[in-house]
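Summary of the model geometry
This is what each chain is made of:
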Amino acid sequence: METYRDLLNFIDHSHSVFHAVNQIEQMLVKANFIQLHEMEKWHLEKGKSYYVKRNNSSIIAFVLPNNINDYHYQICASHSDSPTFKIKDKPQLKTNGYVSLNVEGYGGMIDYSWFDRPLSLAGRAIIKQDDKLISKLVDIDRDLLMIPSVAIHMDRDINNGKKFNHQIDLLPVFGDDSLKDYSFNCLLAKELGCNSEDILGFDLYLYNRNKATIWGLNEEFIASAKLDNLQNAYLSTLSLINAKEPKAINVMACFDNEETGSLSMQGAQSDFMKACLQRINYCLGYNDEQYYQAISRSFMISMDNAHAVHPNHPEKTDKENCAYLNKGIVIKNNANQSYTTSAISGAIFKSLCQKANVPYQTFANRSDMVGGSTLGNISNRQVSLHSVDIGIAQLAMHSSYECAGIKDSDYMLEAITLYYNSDIVINGSDEFIIK
């Protein structure tokens, strides 16, 4: 149970992408990882561990083994963001006797899951201090907002299906109409300990105040906001830390903006990972030719949660290629390359699971339904290597409160720790050995 309670505590303190990366950073610092900065010259030593952040919302960590015999990288990639609502620059709106906050959707959320529950705000703000602009974390740790439903007496068709308008239906109530026009700025200034005129910008997002929990008759399930994909961000970080016998250069990457296509400077399609791998290459004394050879021998696990069979709607999944809670890690496949899994990469990961004595499942969408995509193939546009897409089976993906099985986090931790302690030897496209 310790793994799960630590995981849920991690999520409960990761109310924005900036807080999630800050939590990962704290884990790494505690494990003696050394911080690097992109704008500074890197000096690396074998046998040591390092991390670097971009935009404070993406982070890459890596471990250099003492002896590098077969130079290559073994990478796990996840993402730090989840669907939510972002506060606009001028946030206050007077709405029929109330003051609401003006928000826009971030990613593809289940709209109705945001109604009638306590909400608050978290993210970062940029404040002016003398001649400097300083970024500070913001987490307003109290029940601050709510998005009220329209009563069924006023909308008799509400249970017959409804399309919600983000500009009308999903504005969170901030207070009554006695609030001043500058009330939001005053609240933010109080949280930051500064004057409101010193706040020059912010990236603030709604978050669900319901705490993560373990539930079910036999405590077999977990529920939380942001399981997709903080569950994998946490487990890949913990696996990197727990692996004590690295044979390759182990890398953990956690990217922002997966939910909106990974197109940002800190997303999986940016040069963040490519630049880090190349800088590692040069710091270790290797040339360009050796880098390209190393990439061809490298392997990546793209970690993003998977859809479980829904108890009330099994018809939504392929009858054979489907996944269940507490039945093992899910290997995801898609003919149109929404997922990176190939016969090669899938076989390598299945072999790892067998070696770790961990169960696995395979997933594919129904052929008449379009599924989601993830960061594996997007990342491969910058760094092309053998890659497999995996995840933990969950229900209510992209809801403001999601559900997964309690056993599956342990399965993932065991498999990824073994991966980081193994040596994936890739000889061309015909032979693969796991040492």
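Everything here concerns the structure above.
Residues numbered from 1 in each chain as written. Predicted model: local features only at pLDDT ≥ 70, side-chain atom pairs only at ≥ 80, totals over all residues. Heavy atoms only, no water.

**Thoughts on the sheet that holds strand β19 (residues 393-395)**
The strand order across the open sheet built from 5 strands is β11-β12-β20-β19-β15, with neighbouring strands paired in mixed fashion. Every interior strand has two partners, whereas the edge strands, β11 (213-215) and β15 (306-307), have only one. Direction of pairing for strand β12 (residues 221-224) relative to strand β20 (residues 402-405): antiparallel, over a ladder of 4 bridges. For Phe221, the partnering residue across the bridge sits in β20 and is Gly405. The strands touched by helix α4 (residues 227-242) are β12, β19 and β20; relative to β20, the strand with the most contacts, the crossing angle is about 45°. Set on the sheet, helix α9 (residues 406-421) makes contact with β11, β12 and β20; between it and β20 the angle comes to about 65°. (Pairing = 2+ DSSP bridges. Helix = DSSP H or I, 4+ residues; strand = E, 2+ residues; numbered from the N terminus. Contact = heavy atoms within 4.5 Å. Axes fitted to C-alpha atoms, helices over the stretch in contact; angles between N-to-C directions.)

**Thoughts on the sheet that holds strand β3 (residues 58-63)**
Strands sit in the order β1-β2-β3-β13-β4-β14-β18-β16-β17 across an open sheet of 9 strands; the sheet is mixed. Both outer strands of the open sheet, β1 (34-36) and β17 (360-363), are each paired with one neighbouring strand and no more. Looking at each pair of strands side by side, their axes are set apart by 25° on average, direction ignored. Taken together, the 6 bridges between strand β2 (residues 49-54) and β3 define a ladder with antiparallel strand orientation. Looking at β3, one finds that Lys53 is bridged to Ile59. In the packing of α4 onto the sheet, contacts are made with β3, β4 (73-79), β13 (249-255) and β14 (299-303), and the angle to β4 comes to roughly 150°.

**Topic: the packing of aromatic side chains**
Applying the stated criterion across every chain yields a total of 14 aromatic pairs. Judged by centre distance (5.8 Å) and plane angle (55°), the rings of Phe184 and Phe202 are tilted. One end of the pair, Phe184, is in helix α3 (residues 183-192); the other, Phe202, is in strand β10 (residues 199-208), and 18 residues separate them in sequence. Look at Trp215 and Phe221: their rings are 4.8 Å apart centre to centre, the planes differ by 40°, and that puts the pair in the tilted class. Trp215 gets classed as partly exposed once you look at its relative accessible area, which sits at 38%. One aromatic cluster is present, formed by Trp42, Tyr50 and Phe62 through successive ring pairs. Seen from the ring of Trp42, Arg279 lies directly overhead, with NZ or CZ sitting 4.3 Å from the centre. (Phe/Tyr/Trp six-rings, centres within 6.5 Å; stacked < 30°, edge-to-face > 60°. Buried < 20%, exposed > 50% of the residue type's maximum accessible area, 1.4 Å probe, protein only. Lys NZ or Arg CZ within 6 Å of the ring centre and 35° of its normal.)

**Examining the pairing of β14**
Of all 5 residues that make up β14, 5 are buried, and the element is covered over most of its length. By the alternation rule, side chains of β14 split into Phe299, Ile301 and Met303 and Met300 and Ser302, which are all buried. When β4 meets β14, the two strands line up parallel, connected through 4 bridges. The residue bridging Cys76 from the neighbouring strand is Ile301, located in β14. Direction of pairing for β14 relative to strand β18 (residues 386-391): parallel, over a ladder of 5 bridges. Of the residues in β18, the one forming a bridge with Met300 is Ser387.

**Side note on the pattern of salt bridges**
On inspection of all chains with the given rule, the structure shows 11 salt bridges. The closest approach of N and O atoms between Lys48 and Glu45, which form a salt bridge, is 3.4 Å. Judged by relative accessible area, Lys48 falls into the partly exposed class, the value being 34%. What makes Glu45 partly exposed here is its relative accessible area of 44%. The shortest N-O distance in the salt bridge between Asp143 and Arg209 comes to 2.9 Å. You can see Asp143 sitting in the loop between β8 (132-139) and β9 (173-176) and its partner Arg209 sitting in the loop between β10 and β11, a full 66 residues away along the chain. Each of Glu38, Arg54 and Asp271 takes part in salt bridges that share partners, so that together they form one network. (Salt bridge = Lys/Arg side-chain N within 4 Å of Asp/Glu carboxyl O.)

**Description of the packing of helix α7 (residues 343-356) against α9**
Two elements in contact, α7 and α9, have axes separated by 9 Å at closest approach and are oriented at 105°. Regarding the angle of α7 to α9, the classification is roughly perpendicular. Across from Phe349, Leu352, Lys355 and Ala356 in α7, the residues of α9 making contact are Glu414, Ala415, Ile416, Leu418 and Tyr419. For the contact of α7 with α9, the class distribution of residues is 7 nonpolar, no polar and 2 charged. (Parallel < 35°, antiparallel > 145°, perpendicular 65-115°, else oblique. Nonpolar A, V, L, I, M, F, W, Y, C, P; charged D, E, K, R; others polar.)

**Brief notes about the side chain of Ser82**
With respect to the helices, strands and loops of the structure, Ser82 is situated in the loop between β4 and β5 (84-95). There is a polar contact of 2.8 Å between the side chain of Ser82 and the backbone oxygen of Asp228. Every residue in contact with Ser82, bar those within four places of it in the chain, is listed here: Tyr106, Lys226, Asp228, Asn229 and Glu259. (Polar contact = N/O pair within 3.5 Å; in protein donor to acceptor, adjacent residues only side chain to side chain.)

**As for the state of the cysteines**
One covalent bond between the sulfur atoms of two cysteine residues makes up a disulfide. Applying the stated rule across the entire model yields 0 disulfides. Its sulfur unpaired, Cys353 is 12 Å from the next cysteine sulfur, which belongs to Cys76. Taking the relative accessible area as the measure of exposure, Cys353 reaches 0% and is therefore buried. (Disulfide = S-S within 2.5 Å.)

**Things to note about the nonpolar core**
With 55 residues, the main nonpolar core has Ile222, Ile301, Ile329, Phe349, Ile390 and Ile416 as its most contacted residues. Among all residues touching Ile416, those that are not within four sequence positions of it are Cys76, Ser239, Ile301, Met303, Phe349 and Ile390. Counting residues in each nonpolar core, the second largest holds 33 residues, with Leu36, Val251, Ile280 and Ala294 among its members. (Core = buried A, V, L, I, M, F, W, Y, C linked by side-chain atoms within 4.5 Å.)

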